[in-house]
Structures are given as structure tokens and as C-alpha cells.
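Analysis of the macromolecular model
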Amino acid sequence: MNIDLQAREITPLRNTFAHVAKYIGHEKAASRYQEATFGAQPMANFQYRPTWDPEHELFDASRSRVVLADWYVLKDPRQFYYANWTMTRARQQDAVESNFQFVNQRGMVAMIPDAVREKTLSILLPLRHAAWGANMNNASIAAYGFGTAFTAPAMFHAMDNLGVAQYLTRLGLALDEPEALEMGKKAWLDAPEWQGLRRYVEDTLVVQDPFELFVAQNLALDGQLYPLIYGSFVDDHIALQGGTAVAMLTAFMPEWHDETARWIDAVVKAAASESDANRQLIAQWIKDWAERAQAALSPVARLALGEHGEAALTEARDKLDARCRKTGVLA
Amino acid sequence: MSNVFIAFQDNEESRPVIEAIAADNTNAKVVHSPGMVKIDAPGRLTIKRETIEEITGRPYDLQAIHVNLVTLSGHIDEDDDQLTLSWKH
């Protein structure tokens, strides 16, 4: 008896859900990111307005002064949805973990000169609190923003900020006794150099407009803080004075900043290119908040880098302005 | 001219690679078969790292295509930035 085996192709009648196909068309197979994002925003059937904010619907695009016909235009170029975001971060966590092991096993902390170690702690540990503020702010963007394409990555960003704060905590414990964390908090609360930045963080905690908060936190502040601290301070200053271990233990931060900058720029670009009113509004926010952030970081830059601090901060500001020009928001 | 071809498993990881190939090689023909995507091109076909990175928005190691690569034909010229299949030396 002969058995004839034949492969038979069964083509699917449709490639994705109807609400996703509305955005990408029926012919194309949707990516996981598209299926996890498009049409996921709750839009209808809210009979009651929230008692805590009767002016708005529960999910309401008008909480922001930025006006978009469709909030799904704020796509994440990294195409993160929950699964691939966690996988990416898990890989990075493994890398950081082995860095900590490497530094521990070889006693690299003991090789850091005491002055360099103390300088590192005095700058990086108060920044735990800035990272926590960034976590709160991004959670707020996720809560009050509109459109899953915008709010889902904001929530990932909030968790990433928490991760940054945790890495700083571990760095403090690797470099010194647990009291170092207490000292960092004291500096954040009392030392005059930190009060400008603390005020900035606390003022952003009450910004109501989610898009303005996005600009103030993720673009204006972090866009200057990360190049200043993890570029100029850690990589160019501390690492060259025998603090290579510090650069290894903070390796995640500059890498993460570069990656997330692509998302932040893409969001700002998409929102600004929709209308001139959006562009002007966002440009104004960038100018105001970047100016304030620069002023707030100025004493920190001086504390970290002495007389070179101001130049390093100006360099960070120039980098931020160049990013904003590239997105077409600033002329 | 003879065709060169390359085939990938049909999954989420190969999707941006296939998209990039289709974008960079206008004369390539993408054929979806069950579980596999085969791409035929007359004479020559290039995979560019840069295009894949534009699609995914993240750094991409071109060697990662081998995880989902099923088969290919053609002479290979590859470096960190591109992989080219062709019948020319």
C-alpha cells in the first residue's frame, strides 16, 4: 500500500484582529507590538465620570493641551510590549549582575582611591531620589495620559527608573556601609547643592498635563542629567581616576539612556509634526523646563566636576538642544 | 540570471529581517509557505543591519539571523553591517 503524504497550505482568512487591521490593513500580518498596542486604549462605556475629577472622563485625551487626532501616532520605535521589554531588561540585568560579580571577586572597590570613592557616593547616592521622582512622574504619565502607544512605554519607563534607583542603591552598598544611603538622603534633603534639583523634581510631581510632564521629566531633565552624570562625571572623570569599577556598576544607565532617547524623541517628533500649535506648545515646554533643569543641575555639576562642571553641563544642554532640533521641534 | 534565495522560520524574530530585505531589495520575491518564509531574488540579495535596526528601533547583531535561518543559496559576502548573497565573485 502506498501512503502519499502531501503538504497542504492553509492560508488564514484574516491576518489580525479587526481593530488592529484598522491601522495596518488586512493584507499584512501584524507584529506582536502592533497587536499589543493598537486599539488597546479603553475608549467607551464610561457611564460615570470619576468623582475625583468630574471635569474629565476616566480616560481623557483632553487632560493634555497637546491635541492629536489619533494618540496611536505616538508609536514606540523600540516596539516594546510587555514580553520583549522584560526579555531585554532581563538580558541587561544579567550583564549588570556579572559586572557586580566581577567587581566583587577582584576586590576592585578596594582599589578605588578613597577620595574618588567618596566623591562618587556624594554625587550618585542623592540621585536615587531623583530616579524615584522620575519613577513617580512616569507612572503619572501612564495613569493620566491617553493612548496605549504612549502610556504603556511610559509605564515601562517608570519601572526602568526604579531599576536605576535600585542599581544606585546596590552601588552604595558595594562601595560603602549602609549608612552611605542615609548620607545620600541627608544630602538630598539638606545640602544646598541639591535643593535646586530637589525642587525641580518636587515641582514636576504636581504637573497635571501628562505630555508636559513627559517633556519636563524625560526630555528636559533626564536629557541633561544622564549625559552630565554618567557621561562627563562617571566615564570621563571618575573612571580615569581609578574608579573603573564605578563605570562598570553604572553601565546600565548610559546604555538605557541612549535606548530610551529614541522613544522620547519619536514621541515628541510625532506630536509636534501633527500641528503647528502642538509644535509651539512643546517647544515652549522644552525651552522653559530645559532652562530650569540646567539651572537646577548647575550646582550639582560644580560639586561633581569642580570648575569643569559648568562646561560639562553646557555640553549636555547642547546635546539636548541638538536632539530637539533633530526632531524638528526647535528651529 | 539565476536566483539567490534565503529562507527563515516564520516567526516574530525573523519578521523585521524579512521586512528589511523586502525594503532593500526591490526585486526580491517574498513567499510565505507554512512555517517558513522564502525570499528569492535574481542574482543578488543584501541584508543590511542598519535597515533592521531602523525597523526594530534597537541595536541588532547581524549574526542573530542565523538563529532563525532555514537555508540559503548563493555566494556569501558578510561583515558586521551586511550580508550579501550573489552569484558573482
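In this report, the structure presented in the accompanying data block is examined. It should be emphasised that the depicted structure is a prediction, and the values quoted were computed from it without experimental measurement.

1. Notes on the pattern of salt bridges
Residues and elements named next belong to chain A. Per the stated rule, a full pass over the model turns up 21 salt bridges over all chains. The partner of glutamate 259 in a salt bridge is arginine 89, and the shortest N-O contact between them spans 2.9 Å. On the criterion of sequence distance, the pair formed by glutamate 259 in helix H11 (residues 252-274) and arginine 89 in helix H3 (residues 82-105) is long-range, its members being 170 residues apart. The exposure class assigned to glutamate 259 is buried, which follows from its relative accessible area of 10%. Each of Asp76, Arg78, Arg89, Asp160 and Glu259 takes part in one network of salt bridges that share partners.

2. Considerations on the packing of H3 of chain A against H11 of chain A
All names here are of chain A. For the pair H3 and H11, interaxial distance at closest approach is 11 Å and the crossing angle is 155°. As the angle between them shows, H3 and H11 are arranged roughly antiparallel. Crossing geometry of H3 relative to H11 is assigned as right-handed. Contacts between H3 and H11 involve Arg89, Gln92 and Val96 on the former and, on the latter, Phe252, Glu255, Trp256, Glu259 and Thr260. Residues of the contact of H3 with H11, tallied by class, amount to 3 nonpolar, 2 polar and 3 charged.

3. A short note on the nonpolar core
Residue and element names in this part refer to chain A. Residues Leu124, Phe211, Ile229 and Ile282 are the most contacted members of the largest nonpolar core, which totals 92 residues. In terms of residues, this core owes the most to one element, helix H9 (residues 210-238), which gives 16 residues. When neighbours within four sequence positions are excluded, phenylalanine 211 is seen to be in contact with Ser64, Val66, Trp71, Leu74, Phe150, Val267, Val268, Ala271, Ile282 and Trp285.

4. A few points about the interface of chain B and chain A
Facing 11 residues of chain B, the contacting portion of chain A comprises 12 residues. Here chain B packs against chain A, burying approximately 880 Å² in sum over the two surfaces, 43% of which is carbon and sulfur. On the chain B side of the interface with chain A, the three residues burying the most area are Glu12, Gly57 and Arg58 of chain B, jointly 52% of the side's total. In this structure, the connection of chain B to chain A is made through 0 salt bridges. On inspection of chain B and its partner chain A, the count reaches 6 residue pairs in polar contact (both at pLDDT 80 or more). Breaking the side of chain B that touches chain A down by element, the ones donating at least two residues are helix H1 (15-24), strand E2 (29-33) and helix H2 (49-56) of chain B.

5. Structural notes on the packing of aromatic side chains
Residues and elements named next belong to chain A. Tallying each qualifying case throughout the model produces 19 aromatic pairs over all chains. Between phenylalanine 150 and phenylalanine 211, the aromatic rings sit 5.6 Å apart at their centres with planes inclined by 20°, giving stacked as the arrangement. In this pair, phenylalanine 150 is assigned in helix H6 (residues 148-175) and phenylalanine 211 in helix H9, connecting sequence segments 61 residues apart. For phenylalanine 211, a relative accessible area of 0% puts it in the buried group.

Conventions and cut-offs
Residues numbered from 1 in each chain as written. Chains lettered and ligands numbered in written order. Predicted model: local features only at pLDDT ≥ 70, side-chain atom pairs only at ≥ 80, totals over all residues. Heavy atoms only, no water. Salt bridge = Lys/Arg side-chain N within 4 Å of Asp/Glu carboxyl O. Helix = DSSP H or I, 4+ residues; strand = E, 2+ residues; numbered from the N terminus. Buried < 20%, exposed > 50% of the residue type's maximum accessible area, 1.4 Å probe, protein only. Axes fitted to C-alpha atoms, helices over the stretch in contact; angles between N-to-C directions. Parallel < 35°, antiparallel > 145°, perpendicular 65-115°, else oblique. Left-handed = near helix turned anticlockwise from the far one by under 90°. Contact = heavy atoms within 4.5 Å. Nonpolar A, V, L, I, M, F, W, Y, C, P; charged D, E, K, R; others polar. Core = buried A, V, L, I, M, F, W, Y, C linked by side-chain atoms within 4.5 Å. Buried area = accessible area lost by both parts, 1.4 Å probe. Polar contact = N/O pair within 3.5 Å; in protein donor to acceptor, adjacent residues only side chain to side chain. Phe/Tyr/Trp six-rings, centres within 6.5 Å; stacked < 30°, edge-to-face > 60°.

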